[in-house]
Amino acid sequence: MKNKSQAHEAFSKLAQDVGVPHKIIMDGSKEQTMGDFRKKVRQADYRIKQTKPASPWKNSCEEAIRELKKGSGRAMVKQNVPRKL
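Notes on the structure follow. Because the structure is a prediction, the values reported are computed rather than measured.

Some points on the pattern of salt bridges
1) Next: One pass over the full model with this rule turns up 2 salt bridges.
2) Next: Salt-bridge contacts for K13 lead to D17; the nearest nitrogen and oxygen are separated by 2.8 Å. Of this pair, K13 and D17 are both found in helix α1 (residues 7–17), 4 residues apart, which corresponds to roughly one turn of the helix.
3) Next: A salt bridge links E67 to K70, with the nearest nitrogen and oxygen atoms 3.6 Å apart. Here E67 and its partner K70 are both found in helix α4 (residues 56–78), 3 residues apart, which amounts to about one turn of the helix.
4) Next: Here K70 falls in the partly exposed class, since its relative accessible area comes to 42%.

Structure follows, in structure tokens:
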């Protein structure tokens, strides 16, 4: 996913490859609450739950995701994995 506007495409790919839980917790971004992403989630009949603005849980989740990305990036560099396969 290169742009946030491609979130609906990433969601479709995730649903096909892995499957998606019955409940999706979103942070209220425009990409998730409007447009194609929201339509696809509703068509798939997933329950949607939205976090409250400035929730401490939201901040800790975003921090964990950031650290996960950093760690996986370091592991890829260490293993000499090419950026694009």
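Focus: helix α3 (residues 35–43)
Turn by turn, an α-helix covers 3.6 residues, leaving residues three or four places apart pointing in a common direction.
1) Next: Turning to α3, its buried residues are F37, R38 and V41. For α3, the arc enclosing every buried residue in end-on projection is 95 degrees, short of the 170-degree limit, so these residues lie on one face. Within α3, the exposed residues directed more than 90 degrees away from the buried face are K39 and Q43.
2) Next: For α3, the secondary structure elements touched by its buried residues are α1, β1 (23–26), α2 (30–33) and β2 (47–50).

Here we look at unusual backbone geometry
1) Next: Positive phi outside glycine occurs at N80, with the angle close to 60 degrees.
2) Next: With relative accessibility at 66%, the residue N80 sits in the exposed group.

Considering the nonpolar core
1) Next: With 7 residues, the main nonpolar core is built from A7, F11, I24, M26, F37, V41 and Y46.
2) Next: Of all elements in the fold, only α1, β1 and α3 reach the threshold of two or more residues within this core.
3) Next: Residues in contact with V41, not counting those within four places in the same chain, are F11, I24, Y46 and I48.

A short note on a positive patch on the surface
1) Next: A surface patch of positive charge is lined by K23, R47, K49 and K52.
2) Next: Topologically, K52 is positioned in the loop between β2 and α4.
3) Next: K52 gets classed as exposed once you look at its relative accessible area, which sits at 67%.

A few points about α1
1) Next: Among the residues making up α1, those that are buried are A7, H8 and F11. Seen along its axis, α1 keeps its buried residues to an arc of 100 degrees; they face one direction. Of the exposed residues in α1, those oriented more than 90 degrees away from the buried face are Q16 and D17.
2) Next: Residue G19 follows α1 closely and has a positive phi angle near 100 degrees.

Calculation rules
Residues numbered from 1 in each chain as written. Predicted model: local features only at pLDDT ≥ 70, side-chain atom pairs only at ≥ 80, totals over all residues. Heavy atoms only, no water. Salt bridge = Lys/Arg side-chain N within 4 Å of Asp/Glu carboxyl O. Helix = DSSP H or I, 4+ residues; strand = E, 2+ residues; numbered from the N terminus. Buried < 20%, exposed > 50% of the residue type's maximum accessible area, 1.4 Å probe, protein only. Arc of directions from axis to C-beta. Contact = heavy atoms within 4.5 Å. Core = buried A, V, L, I, M, F, W, Y, C linked by side-chain atoms within 4.5 Å. Patch = residues over 30% accessible without salt bridge, like charges linked within 9 Å, V, L, I, M, F, W, Y side chains within 5 Å. Areas by Shrake-Rupley, 256 points an atom, 1.4 Å probe, with all protein chains shown as cover. Lys, Arg positive; Asp, Glu negative; His and termini not counted. Charge placed at Lys NZ, Arg CZ, Asp CG, Glu CD.

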